[in-house]
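The primary structure of each chain is shown beneath.
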Amino acid sequence: MADPRSELADIIVPVAPAMAAQPGGVPLWVWAAGLLAVAGVVLMMWQWRRRRFVRSLRAIAVAVARQQGTPAELSHLLDTWARARFKLTRLDAAQCPQGLDADVWAGWVNALTQLRFAPLPPSGMADLAALCATARNWKRDA
């Protein structure tokens, strides 16, 4: 008589499926392409973040050129930009950020302070445009 355990073994414990043709699973080129895609996205995000100060200064300069706001408002934006750019709590003519000319910095800060708090000169927008141009020439790595 036949052994019931051997006869019913395939029904109770099914046979394992055949192994795939590629024992490694995902091909190596897929991993390489995925790694390159991730590296590209990280590089683009780094570039975007690195140039945020350039974009914000450009936006302020465009607002000055189009006269979209008062000189006091735009000079406040420029002050906020400079504090964020150089990681300062406040702008001080005596404390120049590393990598910048101290005399140029002092003149820039004094001119910006005068535009913010003193009575507005008739050439306020032109002065703001000059301040934006000076700030644009500062090194990005400073």
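Residues numbered from 1 in each chain as written. Predicted model: local features only at pLDDT ≥ 70, side-chain atom pairs only at ≥ 80, totals over all residues. Heavy atoms only, no water.

Colleague: Can you walk me through the overall build of the protein chain in this structure?
Modeller: For the protein chain, the count of helices and strands is seven helices and zero strands. Burial statistics for the protein chain: of 142 residues in total, 22% are counted as buried. Summarising the internal contacts of the protein chain: among those between residues at least 6 apart in sequence, 57% fall at separations of at least 24. (Helix = DSSP H or I, 4+ residues; strand = E, 2+ residues; numbered from the N terminus. Buried < 20%, exposed > 50% of the residue type's maximum accessible area, 1.4 Å probe, protein only. Contact = heavy atoms within 4.5 Å.)

Colleague: Looking at this structure, how should I read the packing of aromatic side chains?
Modeller: Aromatic ring pairs are described here by two measures, namely the spacing of the ring centres and the angle between the planes. Enumeration according to the criterion identifies six aromatic pairs in this entry. Summarising the aromatic geometry, the rings of Phe86 and Trp105 are spaced 5.6 Å apart at their centres and angled 80° between planes, so their arrangement reads as edge-to-face. Taken together, the positions of Phe86 in the loop between helix H5 (71-85) and helix H6 (102-117) and Trp105 in helix H6 put the pair 19 residues apart, joining distant regions of the chain. Across this residue pair, the class does not change: Phe86 and Trp105 are buried. Through successive ring pairs, a cluster of aromatic residues spans Trp81, Phe86, Trp105, Trp108 and Trp138. For Arg55, the ring lying beneath its charged end belongs to Trp48, and the centroid distance is 3.6 Å. (Phe/Tyr/Trp six-rings, centres within 6.5 Å; stacked < 30°, edge-to-face > 60°. Lys NZ or Arg CZ within 6 Å of the ring centre and 35° of its normal.)

Colleague: Before we go on, may I ask you to explain the confidence of the model for the protein chain in this structure?
Modeller: Low pLDDT marks regions whose predicted coordinates should not be analysed in detail. Model confidence for the protein chain is summarised by a mean pLDDT of 84, while 82% of its residues fall at 70 or above. When pLDDT is averaged over each element of the protein chain, helix H3 (residues 28-50) comes out on top at 93 and helix H2 (residues 9-12) at the bottom at 64. (pLDDT = per-residue confidence, 0-100.)

Colleague: What's the story with the pattern of salt bridges in this structure? I'm lost.
Modeller: A side chain with one charge can pair with a side chain of the opposite charge if their charged atoms come near. Inspection of every chain in the model, using the stated rule, returns two salt bridges. Salt-bridge contacts for Arg83 lead to Asp79; the nearest nitrogen and oxygen are separated by 2.9 Å. Of this pair, Arg83 and Asp79 both sit in helix H5, four residues apart, which is roughly one turn of that helix. Look at Arg83 and you get partly exposed, because its relative accessible area is 24%. Judged by relative accessible area, which is 7%, Asp79 ranks as buried. (Salt bridge = Lys/Arg side-chain N within 4 Å of Asp/Glu carboxyl O.)

Colleague: In this structure, what is going on with the packing of H6 against helix H7 (residues 124-137)? I would like to understand it.
Modeller: Packed helices, taken two at a time, are described by the angle their axes make and the gap between the axes. Remark: H6 packs on H7, axes separated minimally by 11 Å, with the N-to-C direction vectors making an angle of 150°. The way H6 lies across H7 gives a crossing that is left-handed. Between H6 and H7, the contacting residues are Val104, Trp108, Ala111, Leu112 and Leu115 on the first element and Gly124, Asp127, Leu128, Leu131, Thr134 and Ala135 on the second. (Axes fitted to C-alpha atoms, helices over the stretch in contact; angles between N-to-C directions. Left-handed = near helix turned anticlockwise from the far one by under 90°.)

Colleague: Can you help me understand the side chain of Ser75 in this one?
Modeller: Residue position: Ser75 is located in helix H5. Apart from residues lying up to four places away in sequence, Ser75 is in contact with Leu112, Leu115, Arg116 and Leu128.

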